[in-house]
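This is what each chain is made of:
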Amino acid sequence: MKKEILISGFGGQGVLSMGKILAYGALMEDKQVTWMPAYGPEQRGGTANVTVVVSDERIASPILSTYDVVVALNQPSIDKFESKVKSGGMLIYESDGVSTKPTRTDIETYSISAIDKASEMKNPKVFNMIVLGALLKACPVISTDGVQRSLTKSLPERYHHLIPANMAALAEGQKLI
């Protein structure tokens, strides 16, 4: 199994955190991983994306031109990366952040409303965990347990009290697919 995943959106949406959690979780499940972030100088509001490759075997290169899965959280991400999804691949997009829907018919597309779900949960900070839950339901490269262990590893200890809320958001995201 090898999955090449790109997550893209605006800075502040938790794009890089999603990639980091995914990468740590895969490492903790003894998988081979590459994690390659790309972002502008803006901390919030600029564009950000992260490429994560998860495999059972060694990964030749983290540099990719096409992806098995693209998660697009805004219109610029759809515009830039829809064409980069491999034929037969998957595109997951945030419906509230996209005005022009994807047009390709040779890929699976999933429209999710993680913004609405985060609002419903009264916690906008779990938006990225909702998106990650949807991604892992559609493309289960790591387990829920792997995500929990990843959060424990990647979050500073002073934030460990937030792990239950993040895991609840992950579960809600899985229901969106």
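Here the structure is shown first, and the text comes after it.
Residues numbered from 1 in each chain as written. Predicted model: local features only at pLDDT ≥ 70, side-chain atom pairs only at ≥ 80, totals over all residues. Heavy atoms only, no water.

Enquirer: Where do I start with the overall build of the protein chain in this structure?
Expert: In terms of helices and strands, the protein chain carries six helices and six strands. Along the protein chain, helices (α) and strands (β) appear in the sequence β-α-β-β-β-α-β-β-α-α-α-α when read from the amino end. For 177 residues, the compact-globule formula gives about 16 Å, and the C-alpha radius of gyration of the protein chain, at 15 Å, lands near that figure. Taking the principal axes of the C-alpha coordinates as reference, the protein chain spans close to 40 × 40 × 35 Å. Contacts spanning at least 24 positions in sequence make up 56% of the contacts within the protein chain whose residues lie at least 6 apart. As displayed, the protein chain offers around 8800 Å² of accessible surface, 50% of which is attributable to carbon and sulfur atoms. Between the averaged position of the 19 positive side-chain charges in the protein chain and that of its 18 negative side-chain charges there is a distance of 4 Å. (Helix = DSSP H or I, 4+ residues; strand = E, 2+ residues; numbered from the N terminus. Rg over C-alpha atoms; globule rule 2.2 N^0.38 Å. Contact = heavy atoms within 4.5 Å. Areas by Shrake-Rupley, 256 points an atom, 1.4 Å probe, with all protein chains shown as cover. Lys, Arg positive; Asp, Glu negative; His and termini not counted. Charge placed at Lys NZ, Arg CZ, Asp CG, Glu CD.)

Enquirer: Quick question: what am I supposed to make of the pattern of salt bridges here?
Expert: Note that side chains of opposite charge can pair when their charged atoms are close. The full count for this structure, using the stated rule, is nine salt bridges. Between K86 and E4 there is a salt bridge whose closest N-O contact spans 2.5 Å. Taken together, the residues K86 in strand 5 (residues 85-94) and E4 in strand 1 (residues 2-10) connect sequence positions 82 residues apart. A salt bridge links E120 to K117, with the nearest nitrogen and oxygen atoms 3.0 Å apart. With E120 and K117 both in helix 3 (residues 114-120), this residue pair falls three residues apart, about one helical turn. Residue K117 is classed as buried on the basis of its relative accessible area of 13%. Residues joined in a network through salt bridges with shared partners are K2, E4, D68 and K86. (Salt bridge = Lys/Arg side-chain N within 4 Å of Asp/Glu carboxyl O. Buried < 20%, exposed > 50% of the residue type's maximum accessible area, 1.4 Å probe, protein only.)

Enquirer: Quick question: what am I supposed to make of the nonpolar core here?
Expert: In summary, soluble globular proteins display a tendency toward joint burial of nonpolar side chains. Ranked by size, the top nonpolar core spans 37 residues in total, and within it L22, L132, L135 and V147 carry the most contacts. Considering each element in turn, this core owes the most residues, nine residues, to helix 4 (residues 127-138). Among residues more than four places away in sequence, those in contact with L132 are M18, I21, L22 and L170. Of all hydrophobic cores here, the second largest spans eleven residues; its members include A72, I78, V98 and I107. (Core = buried A, V, L, I, M, F, W, Y, C linked by side-chain atoms within 4.5 Å.)

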